[in-house]
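Structural overview for review
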Amino acid sequence: MSEKPKLAMYWASSCGGCEISVLGIGDKILTVDEIFDIVFFPCIADFKYEDVRNYPDGYIDVCLFNGAIRSSENEEMAHLMRQKSKVLVAYGSCAYEGCIPALSNLTSKEATFDAIYLNNPTTENPDGIVPQTVTKVPEGELEIPLFYNTVKSLDQVVSVDYYLPGCPPEPPQIWAVLQVVVAGLLEGAELPPPGSVVGAKNVAVCEECNLTKSEKQITEFYRPYEIVPEAGVCLLEQGLMCVGPATRAGCGALCPQVGMGCRGCYGPLEGVEDQGARMLTAIGSIIDVGKSGDDEAEVEEQLDAIVDTIADPAGTFYRFSMAHSILHRARVNGNGHKKGEAP
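The structure reproduced in this document is the subject of the present report. Every value quoted in this text rests on a predicted model; they were computed, and no experiment measured them.

Scoring rules and cut-offs
- Residues numbered from 1 in each chain as written.
- Predicted model: local features only at pLDDT ≥ 70, side-chain atom pairs only at ≥ 80, totals over all residues.
- Heavy atoms only, no water.
- Helix = DSSP H or I, 4+ residues; strand = E, 2+ residues; numbered from the N terminus.
- Polar contact = N/O pair within 3.5 Å; in protein donor to acceptor, adjacent residues only side chain to side chain.
- Contact = heavy atoms within 4.5 Å.
- Pairing = 2+ DSSP bridges.
- Axes fitted to C-alpha atoms, helices over the stretch in contact; angles between N-to-C directions.
- Core = buried A, V, L, I, M, F, W, Y, C linked by side-chain atoms within 4.5 Å.
- Buried < 20%, exposed > 50% of the residue type's maximum accessible area, 1.4 Å probe, protein only.
- Disulfide = S-S within 2.5 Å.
- Phe/Tyr/Trp six-rings, centres within 6.5 Å; stacked < 30°, edge-to-face > 60°.
- 1 Å grid on protein atoms, 1.4 Å probe; cavity = no way out; pocket = protein on both sides within 12 Å on 5 of 7 lines; lining within 4 Å.
- Points joined across faces, edges and corners; volume = space filled by probe spheres on them.
- Nonpolar A, V, L, I, M, F, W, Y, C, P; charged D, E, K, R; others polar.
- Patch = residues over 30% accessible without salt bridge, like charges linked within 9 Å, V, L, I, M, F, W, Y side chains within 5 Å.
- Areas by Shrake-Rupley, 256 points an atom, 1.4 Å probe, with all protein chains shown as cover.
- Salt bridge = Lys/Arg side-chain N within 4 Å of Asp/Glu carboxyl O.

So, on to the side chain of serine 196. Tracing the backbone shows serine 196 in strand S10 (residues 196-197). Looking at serine 196, its side chain comes within polar contact range of the main-chain oxygen of proline 193, at 2.5 Å. The residues contacting serine 196, other than those within four sequence positions of it, are Asp161, Tyr162 and Tyr163.

By the element assignment, serine 21 lies in helix H1 (residues 17-21). Sequence-distant contacts of serine 21, that is, excluding residues within four places in its chain, are made with Tyr91, Pro168, Pro169 and Ile174.

Right, let's get into the sheet that holds strand S5 (residues 85-91). Within the open sheet, the six strands sit side by side as S2-S1-S3-S5-S9-S10. Their pairing is parallel. Pairing within the sheet leaves two strands with one partner each, and these edge strands are strand S2 (37-40) and S10. Lying over the sheet, helix H4 (residues 72-84) contacts strand S1 (6-11), S2, strand S3 (60-66) and S5, oriented at roughly 135° with respect to S5. Taken strand by strand, helix H7 (residues 171-187) contacts S3, S5 and strand S9 (162-164), and its axis lies near 155° from that of S9.

All right, on to the nonpolar core then. By size, the foremost hydrophobic cluster in this structure holds 35 residues, and its most contacted members are Phe221, Leu236, Met241, Met279, Ile283, Ile310 and Phe317. With four residues, the single largest contributor to this core is helix H9 (residues 275-286).

The next thing to look at is the state of the cysteines. Within this structure, the stated rule accounts for zero disulfides. Cysteine 18 carries a free sulfur, and the closest cysteine sulfur to it, the one in cysteine 94, is 6.5 Å from it. Under the relative-accessibility criterion, cysteine 18 is labelled buried at 11%. Lacking any disulfide linkage, cysteine 255 is separated from the closest cysteine sulfur, that of cysteine 251, by 6.6 Å. According to the relative accessible area criterion, cysteine 255 is partly exposed, its value standing at 38%.

Another point: the packing of aromatic side chains. All told, the structure shown has nine aromatic pairs when counted by the stated rule. Ring plane angle 45° and centroid distance 5.2 Å describe the contact between tyrosine 96 and tyrosine 163, whose orientation is recorded as tilted. Within this pair, whereas tyrosine 96 is found in helix H5 (residues 93-97), its partner tyrosine 163 is found in strand S9, the two being separated by 67 residues in sequence. Using a relative accessible area of 6% as the deciding quantity, one classes tyrosine 96 as buried. Take tyrosine 163: its relative accessible area is 11%, and that puts it in the buried class. Ring plane angle 50° and centroid distance 5.0 Å describe the contact between phenylalanine 113 and phenylalanine 147, whose orientation is recorded as tilted. Here phenylalanine 113, found in helix H6 (residues 109-118), pairs with phenylalanine 147, found in strand S8 (residues 147-152); they are 34 residues apart in sequence, far enough to count as distant. A relative accessible area of 22% means that phenylalanine 147 is categorised as partly exposed.

This brings us to unusual backbone geometry. The omega torsion of the bond from cysteine 167 to proline 168 falls at -5°, within 30 degrees of zero and hence cis. Structurally, proline 168 can be placed in the loop between S9 and H7. The residue alanine 253 is not glycine, and still its phi comes out positive at about 50°. Within the secondary structure layout, alanine 253 lies in the loop between S10 and helix H8 (254-257). Under the relative-accessibility criterion, alanine 253 is labelled buried at 0%. Positive phi, close to 50°, is recorded for aspartate 312, a residue that is not glycine. With respect to the secondary-structure elements, aspartate 312 resides in the loop between helix H10 (296-307) and helix H11 (313-317).

Within the structure shown, the criterion is met by one cavity of 30 Å³ or more. Lining of the largest cavity is provided by Tyr162, Val177, Val180, Val181, Leu191, Pro192 and Val198. Take the lining of the largest cavity: its biggest share by element is three residues, from H7. For the lining of the largest cavity, the residue count by class is seven nonpolar, no polar and no charged.

Once that is clear, we can look at a nonpolar patch on the surface. The grouping of Ile116, Tyr117 and Leu118 at the surface amounts to a nonpolar patch, some 230 Å² of accessible area in total. For leucine 118, a relative accessible area of 35% puts it in the partly exposed group.

Structural measurements only, silent on function.
The structure is reproduced here in structure tokens:
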């Protein structure tokens, strides 16, 4: 039996970009293959869940778990990979904070099914059929995973050793994390404290963004297609939404460099409990409204008019962090789950 460390990667509720991002490390993937035995990676090889169940506990040295917990299958695999892994990494924004899947926490399971299967202009479903956990057919019963009402991050289901943020993580961060793990496994080097965010910095994206910043205040927000930004100037100060002030650096400020505001995928800085709330304070500091002695009602009206130009505030400020936010989910029709069903 090979004595090489064992590496696994699993894909829960996500788009699949995290799986592909591993290839972004280029020819270093050959080094990964040289160092590790890959013992579970369904995206690239024919592994089965039963293979993992048959491994001894702790058999996997490091598991890169990407994707949020959207269904009973996701949750079952989270527990299984935790049981079988020495080091479990929440890999990418979906596992770290819920990311795009967790935006469905703004509504209910029933409303989601209605939009997808019933009242959808591209769906033909005259019988109004929606997925059922168990369906009887002539050959017996078909069972599919239970679709949860609430999306959770990985650490809301099992304990997580490390977090690697990004949507997806950038290649330099991926390689840095693998190097740290390898050093710990093969050379006895000290690993970061459990719970650490690895492969990122504890400063805001603005700190590594080279766009010029000033004290300019704004009176209107624009969507990216509405204006052509002035080159070299802070996008937020031009009224283009950029979540850089509330987002952890480490990506190289790639999006602002090409005229697209930071969307927040690297998550909040250390000590910030709610990334969306942190961004709201940043927005409040640059809105140009009211002067000393102005009528309070008029100032409030002006403020409302400016805020109304922010498209989809919840989806903007909590695009990646809804599951980890103080809000966690919206209360919609009693949260939309039935008695005895997973929330």
